[in-house]
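# Examination of the molecular architecture
Each chain, written out:
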Amino acid sequence: MRIVSLAKGAFTLAIAGGAAFFVLTMPATLPKDAMAGVRPADAKGGETLFDAGGCASCHATPGQEDKRKLGGGLAMHTPFGTFKVPNISPDSKVGIGSWTEQQFADAMTKGVGRGGEHLYPSFPYTSYQRMSLADVRDLFAFIKTLQPVPTAAPPHELKFPFSIRRGLGLWKLLYLDGRPFTPDPKVSDEVNRGAYLVTGPGHCGECHTPRNPVGGPDTSRRLAGGPDPEGKGWVPNITPHADGLAKWSAKDIAYFLETGFNPDYDAAGGSMADVVLNTAKLSAEDRAAMAAYLKSVAAIAGKSPARKKAE
Ligand code: HEC
Ligand code: HEC
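Okay, so let's go over this structure. Predicted, not measured: the structure shown is a model, and the values here were computed from it. (Residues numbered from 1 in each chain as written. Chains lettered and ligands numbered in written order. Predicted model: local features only at pLDDT ≥ 70, side-chain atom pairs only at ≥ 80, totals over all residues. Heavy atoms only, no water.)

### Comments concerning the environment of D189
Mapped onto the secondary structure, D189 falls in helix α8 (residues 189-199). Judged by relative accessible area, which is 69%, D189 ranks as exposed. Each C-alpha atom of the pair D189 and A289 lies 8.7 Å from the other, and the pair is 100 residues apart in sequence. (Helix = DSSP H or I, 4+ residues; strand = E, 2+ residues; numbered from the N terminus. Buried < 20%, exposed > 50% of the residue type's maximum accessible area, 1.4 Å probe, protein only.)

### Observations concerning the coordination of the iron atom of ligand 1
Donor atoms from the protein around the iron atom of ligand 1 number only one, H59 (NE2), found at 2.0 Å. Relative to the helices and strands, H59 is located in helix α3 (residues 55-59). (Donors = N, O, S within 2.8 Å, 3.2 Å for Na, K, Ca; no water.)

### Quick notes on the site of ligand 2
Taken together, 19 residues sit near ligand 2, with C204, C207, H208, G269 and M272 positioned nearest. Here a nitrogen atom of ligand 2 sits 2.8 Å away from a polar atom, N or O, in the side chain of H208. For ligand 2, an oxygen atom lies 2.6 Å from a polar atom in the backbone of G269. Every element with two or more residues in the shell around ligand 2 is listed here: α9 (205-208), α10 (250-259) and α11 (270-279). Per-element accounting of the shell around ligand 2 gives the leading share, three residues, to α11. A breakdown of the residues in the shell around ligand 2 according to their chemical character gives 13 nonpolar, five polar and one charged. (Near = heavy atom within 4 Å. Polar contact = N/O pair within 3.5 Å; in protein donor to acceptor, adjacent residues only side chain to side chain. Nonpolar A, V, L, I, M, F, W, Y, C, P; charged D, E, K, R; others polar.)

What follows is the structure, encoded as structure tokens:
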């Protein structure tokens, strides 16, 4: 009797758990009229967001001269398996040519794909969700002007259970708050512009903020650096702490984002070299704004093990 009721209890729990899992992990999209009040598209403005967002760094097919042919195929090695970056060129069969703007906006701000499925956060939508819908509209208009690439990217090679997209719903409950960027009335327009670029399209924290064991950002250590998520090396602290950019002037930071040279005239290496290819294309004002913002954030300790040894 006891065993039967225990078994029944376990069964009910399993059903309830399953239902809760089902509801909690349901992909959430933007309201149907979300884009309705947004101003008309400006494809030229979208180019700035494309560069700030570093879309080409991941979506351009590796080894190709023209970084604006977004055929995908780059392999991203992570502890969860290998992601193969998809084709987001305007090809209507294998790219996003037949996507609606609303579907694109759901991908950028909700991490939801065209079929209503969860997208993996290896696509940094945890940052892109901070973008305004006007900017998302411009970005979509710009991508539509690029050359369609008719070759499909290969599928991901992920380990179980990470291969199941539905489970991402739980992760998103923890790390996707759905809040667009809001300017801080206490700081200058320049610092607000920099904050928008760094936390939104620029997604600087995706590498410079350390991650916890399930791959979520450790927000108590925002921009304080940590082990490189791609396995090798250390991503530096870019807060104004002595362990980070304390000795860099705002000019030094802006110059680095333009040229890749730090104040000691060492060139940026690793994945930052790719980031600089994009920030170099931004306006001097936008680079100065990012620099001003980085000088204004909370200083947090966090030293790379290599630098510790050097002292
Ligand atoms: C760090 C690498 C990276 C960057 C930077 C990046 N993406 Fe992606 N993107 C990915 C990966 C990986 C996926 C696949 C996610 C998945 O399968 O769930 C993806 C998926 C997408 C999708 C959904 C495609 C589909 O077929 O479902 C869109 C749309 C997209 N990215 C647009 C962009 C845009 C626009 C930018 C620049 C603002 C950008 N991405 C920057 C890695 C990146
Ligand atoms: C794809 C990962 C990645 C992204 C995204 C990224 N960075 Fe970096 N960043 C790095 C790595 C790795 C280094 C170290 C480069 C080296 O060792 O030469 C670095 C170095 C730096 C440095 C020099 C710090 C020092 O002490 O030498 C600055 C400043 C910087 N990044 C700012 C930014 C800003 C601003 C953004 C957003 C626009 C950004 N980074 C986005 C990975 C990234």
